[in-house]
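Analysis of the macromolecular model
Here is how the chains run, residue by residue.
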Number of protein chains: 2
Amino acid sequence: MAMSSSFPSLILPKGHIKDGLYCAIRDAILDGRLSAGTKLPSSRTLAEMMSISRNSVLAALDRLLDEGYLITKPSSGTYVADIIPDQLIQIQSSQLHAIQQSAQTLNINPHIASLLPDWHKQTLSCQEKKMFHVGVGCIDLFPHQLWGKLLGRAWRQSYYQLGQFHDPRGYLPLRQAICQYVQSTRGLNCNEEQILIVNGIQQAIHLVAYALLQPYDQVCLDEPGYDAALNVFRSFGVMVQPIESDDEGMKVPEIIQHYTGSKLVYTAPSHQFPLGGTLSLARRFALLDWSAQQQKWIFEDDYNSEFRYGTPPIQALQGLDQQQRVIYAGTFSKIMFPEFRLGFMVVPDALVDTFSLAKYYTDTRSSYLEQVALAAFIQDGHYARHVRKVRKACYERQQVLIAAIEHHLSDVLVVQPTDSGIHLVCWLKEHWTEQDFIVQCSQAGLAVQPLSRYCQHSHQKAAVLFGYAAHTPEEIKVSIEKLAMQIQM
Amino acid sequence: MAMSSSFPSLILPKGHIKDGLYCAIRDAILDGRLSAGTKLPSSRTLAEMMSISRNSVLAALDRLLDEGYLITKPSSGTYVADIIPDQLIQIQSSQLHAIQQSAQTLNINPHIASLLPDWHKQTLSCQEKKMFHVGVGCIDLFPHQLWGKLLGRAWRQSYYQLGQFHDPRGYLPLRQAICQYVQSTRGLNCNEEQILIVNGIQQAIHLVAYALLQPYDQVCLDEPGYDAALNVFRSFGVMVQPIESDDEGMKVPEIIQHYTGSKLVYTAPSHQFPLGGTLSLARRFALLDWSAQQQKWIFEDDYNSEFRYGTPPIQALQGLDQQQRVIYAGTFSKIMFPEFRLGFMVVPDALVDTFSLAKYYTDTRSSYLEQVALAAFIQDGHYARHVRKVRKACYERQQVLIAAIEHHLSDVLVVQPTDSGIHLVCWLKEHWTEQDFIVQCSQAGLAVQPLSRYCQHSHQKAAVLFGYAAHTPEEIKVSIEKLAMQIQM
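This text gives an overview of the structure that appears in the document. What you are looking at is a predicted structure, and each value in this text was computed from that prediction instead of being measured.

Concerning the sheet that holds strand β11 (residues 343–346) of chain A
All names here are of chain A. The seven strands lie next to each other as β3-β11-β10-β9-β8-β4-β5, forming an open sheet whose pairing is mixed. The sheet terminates laterally at β3 (195–198) and β5 (239–243), the two strands that pair on one side only. Neighbour-to-neighbour, the strand axes of this sheet turn through a mean angle of 20 degrees, independent of strand direction. By the bridge criterion, four bridges tie β3 to β11 in an arrangement that is antiparallel. Looking across to β11, one finds that Ile-197 is bridged to Phe-344. Against the sheet, helix α10 (residues 200–212) makes contact with β3, β8 (262–267), β9 (297–301), β10 (326–331) and β11, and its axis sits at roughly 155 degrees relative to β10, the strand it touches most. Strands in contact with helix α11 (residues 227–235) are β4 (218–222), β5 and β8; relative to β4, the strand with the most contacts, it is inclined by about 170 degrees.

Right, here's the structure in full:
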């Protein structure tokens, strides 16, 4: 068998024979073991080599041909195509052409170029002064004067420390304060050496992609999921596998069965973004077990930990992890205010050096002054007090929003019940599309977001997200009335 | 009480009664003392056993039920759920050890892993409290009180803006102030749309590598050159070509002849780091010409622009560039203080979107408050005044250092003349190695840096760098005397 001498040995993942051959060949193409132009053995030979049925081989080859990994040449055979990353395939070919051209003309990284077409509309919409932006906390309740005092004190205290170069991981007293806080409120299992101060969860995601991943690595992400995480991974040329949820949360068994090539799983187990589900304990253990056995990493995005109403907060996945596979990230931007750009990571011991280095080569260290003020804010108990106040207010605002929607918009929206978070998901009734509803919202001055924004695939039912935490009950009532009138016009 | 005979004794942690019972039962389940199917005593019995209130017991049980550790069976009671995998309960420490072994075992990006071995010694040496660190400005002269006032004012003014999402490029009034300043002092050719606020030059370098480059792209860099830039490029898998200087500065003809495949040239044309040379006008034009014809990018690191003594500042390369090929970066950390993590980039029109996107997916935006204070500091003329003061003091400190070295260390060092910068390069006389000299410095409490730190190749003559700007003339004299005595011992 002459041609199979240059054909690499493929290892089939256990269980799924058909997907197995597909994955094995695709991965071999993506990691370069099978280079462009290589001729494939016949389906009969492949079936013999792999000890599977010829039908299974044909199914796998069909899929690879469909997805553009392979091409056939008439009366010659099947060959490896010039590789096109998965994410580029999802883009329409006319758009793809434009992107490739702009990447070439601009001479920039093509993975970054592929994100540019969608960039403008999304960020511009974020900057508009409208109500119900997703992801903004109760800014009006922030103890503005107190924080001003703490900043002033921090600045006076800092006089003799400004000339020193500090640890890239951040200000030690702040790391200690965070360590204590997350141990007691989130059940984390960590020490201060594992804590890194970063510029919000966004930087944590960026650092994870930068430090751990390479182009064509595979990552699993909630579907629907956090669009800014998806785009960070794409910007690094990483392939993102969307994983849906059911009533036990993210479908972990699917990851274990189908996506064995994944290097990292990104998830928000306490409050799936944006739908709000919780990952069941059985699946938590299954995910931890798999990641320990297969040396995978898990990124736990705990963006929402402080906002639970009724039930106490669920222990973080990190706290259950006995094998140090979880990289945990939390933020202060939601409890403080959006322009407060500090968050933190809790990383496994084995990754402390890796992330210190990654942070250092990204931007040296985070801004010093606000770290000093935040340490005092936490240590003096102001933070915990503020969390209680915000939690109470958020719950009230949520209830007002639900009541207003049920009163004024029951023909249009069905509220999805939730006991946590700072946004509300509402499902659109049949006669409405997301697009039509968003147009109405926009005309009423509301920055409501369509669920499709957070989807890689387009098969989700139509829904919209209202971020309610930043508005008083009165503001919420008035704006929903306004929207209802707009819709009736 | 039949069932409690098989129920293990639980130990409550001190202090936290409600969380305590939750933790005690959870831990007993996880470490196997409470096995799956075990029936729990009634809440009343548990309250008696543990001597806590029944309400506390109910709260703990609710949480354990929520999290799936317990289940209830109708008209039967509460049981330990049977979903806890046994193998997770016993962890072998050898497994954890295996995780920590090597970069490959870590499953991290190999380009990052390759930088880890040198990471520790360099960063740890940076954090030591010693004299003559390279890259620190005149911290003692910073108008501490004034800045405190501006911060306070910025915070009071910000009240109504904290809820908005701002432009990823930064605070507009600051971008306008910087635009005016660099036009008048550095001859830049730009408008405010091209300006991005970043967290120091380090982040500018990171963003350039992230947005423009891919693994195995080629970049040209000064040799010797800025080690943190070299390492950022390496961390992205980029190949770095070292380009030496002669008395006209970086050997641009060599780039044009030999490194045509390079995508970017990184250089500090006004003050080559670390040797201080200036790129000749002929070479500036040659470099600009070539980059325009070949669609290459130039990164102009203008870290040193404010520190020129005697001669007026040289116009930036960016100001000569008629074809928009230069990405310019400046910093405030040297004129302000090292922990002030703001700098800026001026990017070609064609790259404004690319870098806005890159900044957004890196860390959303830079810290807001310090941007507002800095805008006022520049607009009100404090910045220009402070630059004049610092420039005068730096020159004096440099002169004192040169005199002290020539007086006490003329057997060991030859000072390299310079009319700019905040560090001094001294060549070692023949009988000295960098290593030997650094050991002596270290013992005298000085953080002098060897030139080899900044070299990719090892053929440079031995030299060391003294960062002098942070120390008063008296401190400089005393520490050089101390070093001379140390060496004579």
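Some thoughts on helix α3 (residues 54–66) of chain B
With 13 residues, α3 of chain B ought to run about 18 Å at 1.5 Å a step, and its terminal C-alpha atoms sit 18 Å apart, in line with that. Of the residues trailing α3 of chain B, Gly-68 of chain B is marked for its positive phi of about 85 degrees.

Here's the deal with the packing of helix α16 (residues 368–379) of chain A against helix α17 (residues 382–408) of chain A
Residue and element names in this part refer to chain A. It is at 4 Å that the axes of α16 and α17 come closest, and there the two elements cross at 70 degrees. On the basis of the axis angle, α16 is roughly perpendicular to α17. On α17, the residues touching Ala-376, Phe-377 and Ile-378 of α16 are His-382, Tyr-383 and His-386. Split by residue class, the contact of α16 with α17 holds four nonpolar, two polar and no charged.

Considerations on the packing of aromatic side chains
Following the criterion strictly, the structure yields 51 aromatic pairs over all chains and no others. Ring geometry for Tyr-266 of chain B and Phe-299 of chain B: centres 5.0 Å apart, planes at 10 degrees, overall stacked. Placement of Tyr-266 of chain B in strand β7 (residues 264–267) and of Phe-299 of chain B in strand β8 (residues 297–301) is noted, with a sequence separation of 33 residues between them. Per residue, the accessibility class of Tyr-266 of chain B equals that of Phe-299 of chain B, and both read buried. Aromatic side chains Phe-332 of chain B and Phe-344 of chain B sit 5.6 Å apart centroid to centroid with 40 degrees between the ring planes, which places their arrangement in the tilted category. Of this pair, Phe-332 of chain B sits in the loop between β9 (326–331) and β10 (343–346) while Phe-344 of chain B sits in strand β10; the two residues are 12 residues apart in sequence, bridging distant segments of the chain. Pairwise contacts between aromatic rings join Phe-142, Trp-147, Tyr-181, Tyr-328, Phe-332, Phe-337, Phe-340, Phe-344, Phe-377 and Tyr-383 of chain A together with Trp-155 of chain B into one cluster. The aromatic ring of Tyr-22 of chain B is capped on one face by Arg-63 of chain B, whose charged end is 3.8 Å from the ring centroid.

Definitions and cut-offs
Residues numbered from 1 in each chain as written. Chains lettered and ligands numbered in written order. Predicted model: local features only at pLDDT ≥ 70, side-chain atom pairs only at ≥ 80, totals over all residues. Heavy atoms only, no water. Pairing = 2+ DSSP bridges. Helix = DSSP H or I, 4+ residues; strand = E, 2+ residues; numbered from the N terminus. Axes fitted to C-alpha atoms, helices over the stretch in contact; angles between N-to-C directions. Contact = heavy atoms within 4.5 Å. Expected span 1.5 Å × (residues − 1). Parallel < 35°, antiparallel > 145°, perpendicular 65-115°, else oblique. Nonpolar A, V, L, I, M, F, W, Y, C, P; charged D, E, K, R; others polar. Phe/Tyr/Trp six-rings, centres within 6.5 Å; stacked < 30°, edge-to-face > 60°. Buried < 20%, exposed > 50% of the residue type's maximum accessible area, 1.4 Å probe, protein only. Lys NZ or Arg CZ within 6 Å of the ring centre and 35° of its normal.

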